[in-house]
Amino acid sequence: MLTRLRAAALLTLLLVALALPTAAQSTDNSPSPFNLAGLAPANTMLYVSMRTDPGFIETLDGLIGRVSSATGFPVNNALGSTLSSEGVRDWLGDSAALFMLPPVDINSNPQELMVGVVEVRDRDAALAFFTERFGESFTLSNGYTMFTVMGPSLILTEDLLIIGQGQAANTVQFEPGRATLLDSARFQRAIDAMPAGDAYAGFVYFDARPLVVAAGPEIFEDFGPVDVAALGEWLGVFGFGIAQLDPNTYTLDFGWSAGEGSPFAALYLTEIPLPQPAPIDLAFLDNIPADAQFVLQGAGGWSSLKSSVEATATLTNELRTRLLMSGMSPFDASPLFFLPSQFLNAFTVLATQGSLTLTDEELSAALDGDVVAALRLTSTGSPSTDDLTYLFEPGVWAASRDGGSAALLEGVTALIAEFGAEVTPTANGFGFTLPQDASAFDSGYIFYQLAPGYEWQATDALTYFGADSLTLEGRETLVAVPRVTERIEAIHPFLIQPATGFAWMDVAGIGAQLGVAEPSYEMVTAPFDSLFVSSYQDPSGAAVRMAFRLR
Amino acid sequence: MHRIIALLMLVGVLVAPAAAQSDRQTTNLTDLAQLVPAEAVGFIALRTDGAYVAQIGEIWEQHNVLVGQPQGSFEEVLEDSSVGEVLAETASWRGDSAIIAFLTSESVTRNVFDSRTNDETRENEAMLGIGITDRAGAEAWLTGEIGAELAPDRSGAFTAYRSVDDESLFLLGDDVLLYALEATRTLDLLLSGDYPNLSDSEVFTGALAGLPGGTAYDFIVYGDAGTVLREANAREFITREITPYREFRARLADFLGHIAIGGVYTNDQDLTIDVGWAYGDPTALTSFGIDPARWVAPPVDTSLYAYIAPGTTLVLHATDLAGTYDLLFDTLTAGYELVKSSPDLVQRTGINPEDPNPVPLLRGGLTVAFAGVTGLNLSADVLSQLDDTDFALTLNARDVGGTLALDAGLLARHTGSADAWVNAVSEAAVLYGYPIFPQEADGGQTFDFSMIIDPAISIEFGEEIAQKPAYDILLGAGDTVVALGTRDMVEYALRAPDGGQPPVAQDLFLPGAQVVGHVDGASLYAAPDSGLAAPFESATFSVIAQPTSMTARLTFSFAPEGGR
C-alpha cells in the first residue's frame, strides 16, 4: 500500500509541478501542447496539457534554481533528479494531458468525466515501474495492461498511460478517422485566440457551451427565461497557456473567442452595443519618467465608461423588471441596492459632465485618447536613524485632441473655485499644495508621505494631473530625462499588439525601495525585473498576457 | 409705590399685544419726544386713550376665540394685575399718549435686555411720560400715591417731585407727567430745559421716516442700535487687543444704525407691525462678507400666485433664486470665518480653527451631487435661468379623510427652456436604470419620480401610501414656470393661470416688496391638528431691502374667512 501511495503522490507532485507558472523554451523540437488533443473526443469540454520532456524539466529546474539562488530559499532536490531517482524518467514521454467530457447535468460526477493521458516512451520500463508499485495487473482483450489504483484504473498501452474511471477511459480516440478535439473548429478558435500560438508548455482549453447547457435548469431558476444554448454559444471557448518567451521572460496567456449571437439575445433582453476599448499607443509612455514603478495604460476612457454605463443601465432595468415580476420588493430591486456599481458609474458620468459643464464631445476630445496612470515610490532616511520616509507620487496623463484639454482645464478650474480651494496659476494650468495632515501618515516606524505638491497641466495634446514632481512638461531637462518607454523596450516583442491595455510594474525598483525598511522584501523580489500585462479586446474575443521578466 | 409700578405695567400692557385703532387716533405719538434729550438711545411712544384700551380688549377676545382656550376677559386680566384699577383712577386726567425713553445704552441693556440686573440701586437713565388733560387731577393722584416720600419743588412750568433718596423724579406740567428713576443727571437736564431734544434729531426723524406708515401708528419704538452695541463693546472689551471678532463687533456697531418699529390695528381686523431699519454705515461689514447692496432684489410679481392653488396654507415668495443661492453660501462662508476668529465661539461650537471652511466644500459638493443626479450644472444650466425671476415655496396642508396630507413644492418663473431640464433629468434617470420619460401634461410636460421614490415610501409608509398619486413627486416645465413638488402642486402650476386666483391678503404686502410670505388662516384651521378653534384670514410678512435701509411689515388679519 505504501508503494501505491508513493506512486500516487509522485504523480500528484508531477502534475502540480507542471502546473506551476513556468514553461519550457519554445523551439521547433519542443512537443506541441495540442498533440494529445488528437486523443480527446471532439466534444471535450476541458482539456489541460503540459510538456514532460527532459528539456522542459531541465528548464524548470533551472528556473527554480535561479529563484532559489536569488531569494536564498533552498530547494533540496531538483525535479529532474527526483524523477530519475524514482524511476519515472525512464519511461515518461514528452507530454501529459487531462480532458473532461461534457456533463449531462450540473450534478454529474466530474471524476467520471475526466481522463488523464501520459505519453510513455518505454513501455517495458513503465510496466516494470507500475508492476513494482501496484503489483497484480490484468491484460485486456486489446492487449493493454490495466492496473487498479484506489478507484481509477491505469491502462498501459504501447505508448500511453491512461488514467480514468468507469467508461471515461474508453472515450480515448485510438482509431484513425474518428473526429477528435484536434479536429474541432471550437478548439481551433481557442488556439487562434492565444497570443503565442502553440508555443506553450502548459495549455488549458475550456468550452463554456456544454457547461452552460448542463446548468440550464439552475440558470432558469435563478434568472428566469434564458436561451442557454445561445448563451453558451456566445460565451464561446477559452484558452490559458504558460510559455517561456525568452530565457528571462515567462508568461501566462489568456484567450477568449466569443461565439455567434449576444448575451442579451440569450437572456431575451434588448440588444445593447457593448463598449469596446480603443487601441493604445505605447509611444504615449514617453511622457512618463523612467523611475515610475507602476504604469497603467488604456484608451478611449470616456466613451468606454459612458457606453458601459448606458449598456448596464438598460441591463439593470430589464433585470430589475424581471425581478419585480418574480416577486422581489421594489426596494430590494432598486438599482442602488441591486447594482450599486451601476449607480456609482452613472453618478460618475453625470457628475463629470454636469459639474464640469462639458459636453460629451468635449469630454471625448479630452479623455478618449491614451490615458496613463503612474506611481513613483521613493524612500529617504533609514530605520536606523528613525527617519525612514516613503514618498508616493501619483500622476495621470491623458492624450487630448481638438482643444479637449483646454476645455477640461476650464471646467475643473471653475469647479475648484466653487469648492473654494486655493490654487496657484501656472503656465499651463494651476498647482496646489495639500495640507501636511492630509498627505502624511506616521505609522510610528515609517513615515508615509503623499506628494504634497500637485499640478494640473493642459497643452494642446496632453492633460496631466498629479504630483508636480512627476510631470516632465515644462522641465528644462526634458530631453535628458529617461522615460518608461526605454525601460520597456526589451519587452516590446512580447506584448500583444495592437493592444487595448498595458500595465507594467518595476519589481526590482519596488524591491529596492521596500528593502530599505525590511531587507527580506528586497530578497523576495530579487529574482524579478518586472511584471507586465498587455491585453486586447474586440467583439470577437479577447487576449491577455501576464508576464514576468527575470533579472 | 405699587401704584407707580402698576402705571408702568399699564404701559407694558398697552405696548405688548398691539395697538388701538389708528382711525380713531387723535394724538401725534411723537409729540412728547420734544421733552426727551436727543442723546436717547431708545424711545417708545404709544396711545393711552380709552378707545385704544378698548381695542386691546377686542384683540384679546379675538385671540381667545382663535386658540379656543378662554383666558378670561380683558377686564378680568386688568383687575388681576391692578392695571385696571390704575386705568380707572387715571381716566379723568390721562391723556392720549405715553412715552418711555432710555437715555443711555446701559439703561437699555439693563431694563430691556437683561431684566435680572434691573436693580433700582443702579444707574438707569430712563424716563417715562404720560400725557395729561387735567393737571390738578394728576397732581392729586400723584400726591396721594407718593405721599410724604416726595419733596415738591416748583421750577418753571413743571412741579418737581423728588423722592427722599434723591434718585427718582416726577415732573408735572400742564400736558405731561414725567417720571425718571435714579436720574440725577436726567433731573438736572430736564429741569434746565436747555438740551437738544429727540424730536429735532435727524437720526430720529430719519428712522421714523423709514416706517411706511409715517407716524400713523398706535405705538412706535425707536432704537439707536449702533450706539447701544458700541457702548456695550466698550464695556465688554476692556483690553485693546484687536481680533477679527472684535473688529466685527466694532464694525457691526457702525453698521446697525437706527431701527424704528410701528404697530397699528386697522379695519377692526388687521394687526400690522412695521419695521424700518436705516443702516449706519452700509459698507461697514463688507469685509466680513455682509453687503446690504446684495440684499436688494427685484420686487415680487404677485401674479405668480396665479400658479398657486387658492387657499394654499403657506407661501414664501421672493425673487432671484440664483442671487439668493450665492448670497446664502457667501454669508455662511463669512459667518464661519467669523466664528473661527472668536476664541469664545470656537470653544462653544467645538470647531477646529485649523480646519478649512466647510461651507465652500459643501457648495462644491452640492454642485457635484446635483450634476451627478441630473447631469445639469446647478449654476450654469439651472440658476442662470432663475436669475432675478420670481420663485415661491409652497406648502398646503389638507385634510384627507382625517389624515394630514401635504402638497409642497418649489415654483419659479424661468427665462430659458425648462423642457431641457425635464429631458436632462429623464436622461439621467435612464442612465441610472430607470426608464422614465417626460410626459405631456396640461400646460407643459412633467417628469414623474414615483418609480424612484415609491420603493422608499413603501418601506416607510406602506405600499398603499406609496401608490397614492398625492404622494407622487413631479418636475413640471411650462412655458414660463417650472415646478418641483407634489403632483397636485405641480399640475396646478402648469394649468394656471386659467384657474389661478391670487390670495386676497396680498394687498397687505408692502408695495414693491422683494420677499413676502403668506399663511392662509382658513387652510391652516382646516388642517388636522392645527390647534386653532376658529379660522382667521391670514398672516403675512413682506420685506423691502434697499442699499441703505430695510423695511418689513408683518400683518395678522383676524378677519373671518371671506371677511375682507
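Residues numbered from 1 in each chain as written. Chains lettered and ligands numbered in written order. Predicted model: local features only at pLDDT ≥ 70, side-chain atom pairs only at ≥ 80, totals over all residues. Heavy atoms only, no water.

Undergrad: Just give me the short version of the side chain of His414(B), but keep the residues and values in it.
TA: Residues and elements named next belong to chain B. Looking at where His414 falls in the secondary structure, it is placed in the loop between β13 (403-413) and α15 (418-431). His414 gets classed as buried once you look at its relative accessible area, which sits at 8%. Among the polar contacts made by the side chain of His414, one reaches the main-chain carbonyl oxygen of Gly478 at a distance of 2.8 Å. A distance of 3.4 Å separates a polar atom in the side chain of His414 from the backbone oxygen of Asp479. (Helix = DSSP H or I, 4+ residues; strand = E, 2+ residues; numbered from the N terminus. Buried < 20%, exposed > 50% of the residue type's maximum accessible area, 1.4 Å probe, protein only. Polar contact = N/O pair within 3.5 Å; in protein donor to acceptor, adjacent residues only side chain to side chain.)

Undergrad: Tell me about the packing of aromatic side chains, and name the residues and values.
TA: Residues and elements named next belong to chain A. Per the stated rule, a full pass over the model turns up 44 aromatic pairs over all chains. With a centroid separation of 5.9 Å and 90° between ring planes, the pair formed by Phe34 and Phe187 is classed as edge-to-face. You can see Phe34 sitting in the loop between α1 (2-18) and β1 (46-51) and its partner Phe187 sitting in helix α5 (residues 185-192), a full 153 residues away along the chain. Comparing Phe34 with Phe187, the two get one shared label, buried. Geometrically, the ring pair formed by Tyr200 and Phe203 is tilted, given 6.4 Å between the ring centres and 35° between the ring planes. Judged by relative accessible area, which is 2%, Tyr200 ranks as buried. Cluster of aromatic residues (ring-pair linked, three or more members): Phe34, Tyr47, Phe187, Tyr200, Phe203 and Tyr205. Sitting over the ring of Phe129, Arg133 keeps its end group 3.7 Å from the ring centre. (Phe/Tyr/Trp six-rings, centres within 6.5 Å; stacked < 30°, edge-to-face > 60°. Lys NZ or Arg CZ within 6 Å of the ring centre and 35° of its normal.)

Undergrad: Tell me about the interface of chain A and chain B, and please be specific about residues and values.
TA: Contacts between the two partners involve 23 residues from chain A and, on the opposite side, 27 residues from chain B. Summing both sides of the interface, chain A and chain B together bury roughly 2,100 Å²; the carbon and sulfur share of this comes to 70%. A per-residue breakdown of the area chain A buries against chain B is headed by Leu350(A), Glu418(A) and Phe419(A), which together make up 32% of the total. For Glu418(A), the salt bridge goes to Arg363(B), with nearest N and O atoms at 3.5 Å. The tally of links between chain A and chain B comes to seven residue pairs in polar contact (both at pLDDT 80 or more). Among the elements of the structure, α10 (301-325), α12 (340-356) and α14 (404-419) of chain A are those that each provide at least two residues to the side of chain A that touches chain B. (Contact = heavy atoms within 4.5 Å. Buried area = accessible area lost by both parts, 1.4 Å probe. Salt bridge = Lys/Arg side-chain N within 4 Å of Asp/Glu carboxyl O.)

Undergrad: I'd like a rundown of α5(A), residues and numbers included.
TA: Residues and elements named next belong to chain A. Along α5, the residues that are buried comprise Arg186, Phe187, Ala190 and Ile191. Along the axis of α5, the buried residues cluster in a sector spanning 145°; they form a single face. Away from its buried face, by an angle of more than 90 degrees, α5 presents the exposed residues Ala185 and Asp192. Tucked inside the fold, the buried residues of α5 contact β1, β8 (202-207), α6 (208-214), α8 (228-235) and β9 (237-246). The N-cap residue of α5 is Ser184: its side-chain oxygen and the backbone nitrogen of Arg186 are 3.1 Å apart. (Arc of directions from axis to C-beta.)

Undergrad: Please set out the side chain of Arg487(B) residue by residue, giving values where relevant.
TA: Residue and element names in this part refer to chain B. Counting through the fold element by element, Arg487 comes out in helix α18 (residues 487-495). In this structure the side chain of Arg487 is engaged in a polar contact, spanning 2.9 Å, whose partner is the side chain of Asp472. Excluding residues that lie within four positions of it along the chain, Arg487 makes contacts with Asp448, Pro469, Asp472 and Leu474.

Undergrad: Quick rundown of a nonpolar patch on the surface? Include the residues and the values.
TA: Side chains of Leu316(B), Leu393(B), Val515(B), Phe541(B) and Leu554(B) sit close together on the surface and give an oily, nonpolar patch of about 380 Å² of accessible area. As for its position among the elements, Leu316(B) is in strand β11 (residues 314-319). (Patch = residues over 30% accessible without salt bridge, like charges linked within 9 Å, V, L, I, M, F, W, Y side chains within 5 Å. Areas by Shrake-Rupley, 256 points an atom, 1.4 Å probe, with all protein chains shown as cover.)

Undergrad: I'd like a description of the pairing of strand β19 (residues 538-545) of chain B, backed by residues and values.
TA: Residues and elements named next belong to chain B. Counting buried residues along β19, seven of its eight residues qualify, which places the element largely inside the surrounding structure. Pairing between strand β18 (residues 515-520) and β19: six bridges, direction antiparallel. What sits directly across from Val519, in β19, is Ala539. Where β19 and strand β20 (residues 549-557) come together, eight bridges link them in antiparallel fashion. Looking across to β20, one finds that Thr540 is bridged to Thr555. Counted between consecutive antiparallel strands, the loop separating β19 from β20 contains three residues. (Pairing = 2+ DSSP bridges.)

Undergrad: Before we move on, can you summarise a negative patch on the surface with the specific residues and values?
TA: A cluster of acidic residues, Asp90(A), Asp122(A), Asp124(A), Glu158(A) and Asp159(A), forms a negative patch at the surface. Here Glu158(A) is to be found in the loop between β6 (153-156) and β7 (160-164). (Lys, Arg positive; Asp, Glu negative; His and termini not counted. Charge placed at Lys NZ, Arg CZ, Asp CG, Glu CD.)

Undergrad: Can you break down the pairing of strand β21 (residues 528-538) of chain A residue by residue, with the values?
TA: Residues and elements named next belong to chain A. Direction of pairing for strand β20 (residues 501-505) relative to β21: antiparallel, over a ladder of five bridges. By the bridge assignment, Gly501 is partnered in β21 with Ser535. As defined by bridge partners, β21 adjoins strand β22 (residues 541-550) across ten bridges and the pair is classed as antiparallel. When the sheet's bridge partners are listed, Val533 is paired in β22 with Met546. The hairpin formed by β21 and β22 contains two residues between the paired strands.

Undergrad: Explain helix α10 (residues 244-256) of chain B to me, using residue names and the numbers behind them.
TA: Residue and element names in this part refer to chain B. The end-to-end C-alpha distance of α10, which contains 13 residues, comes to 18 Å, matching closely the 18 Å that a straight helix rising 1.5 Å per residue would cover. If you follow the buried residues of α10, they end up packed against α9 (225-236), β9 (258-266), β10 (270-278) and α11 (321-340). Directly after α10, the chain includes Gly257, whose backbone phi takes a positive value near 65°. (Expected span 1.5 Å × (residues − 1).)

Undergrad: Go over unusual backbone geometry, please, and point to the residues and values.
TA: The residue after Gln497(A), namely Pro498(A), is reached through a cis peptide bond having omega 0°. With respect to the element layout, Pro498(A) can be found in the loop between α16 (484-487) and β20. Phi is positive for Asp268(B), which is not a glycine, with a value near 60°. Summarising the element assignment, Asp268(B) is placed in the loop between β9 and β10. Residue Asp268(B) is classed as partly exposed on the basis of its relative accessible area, which comes to 40%. A positive phi angle is found at Asp388(B), which is not glycine, with a value near 70°. The topology assignment puts Asp388(B) in the loop between α14 (378-382) and β12 (390-400).

Undergrad: Please provide a residue-by-residue account of the confidence of the model for chain B, values included.
TA: Residue and element names in this part refer to chain B. Mean pLDDT over chain B works out to 82, with 84% of the residues at or above the 70 mark. Across chain B, element-level confidence peaks in strand β17 (residues 481-486) with a mean pLDDT of 96 and bottoms out in helix α1 (residues 2-15) with 47. Every residue in residues 1-26 scores below 50 in pLDDT, and together they form 78 contacts with partners more than four places removed in sequence or on other chains. Residue range residues 113-122 is modelled with pLDDT below 50. Its contacts to residues more than four positions away, or to other chains, number 15 contacts. Interface predicted TM-score (ipTM) for the complex: 0.77; the corresponding pTM is 0.78. (pLDDT = per-residue confidence, 0-100.)

Undergrad: Help me get a handle on the packing of α10(A) against helix α13 (residues 360-367) of chain A, residues and values and all.
TA: All names here are of chain A. Put simply, α10 and α13 touch, their axes get as near as 7 Å, and they point 130° apart. One way to sum up the angle between α10 and α13 is to call them oblique. Of the residues in α13, those in contact with Gly301, Trp302, Ser303 and Lys306 of α10 are Asp360, Leu363, Ser364 and Leu367. Grouping the amino acids of the contact of α10 with α13 by side-chain chemistry returns three nonpolar, three polar and two charged. (Axes fitted to C-alpha atoms, helices over the stretch in contact; angles between N-to-C directions. Parallel < 35°, antiparallel > 145°, perpendicular 65-115°, else oblique. Nonpolar A, V, L, I, M, F, W, Y, C, P; charged D, E, K, R; others polar.)

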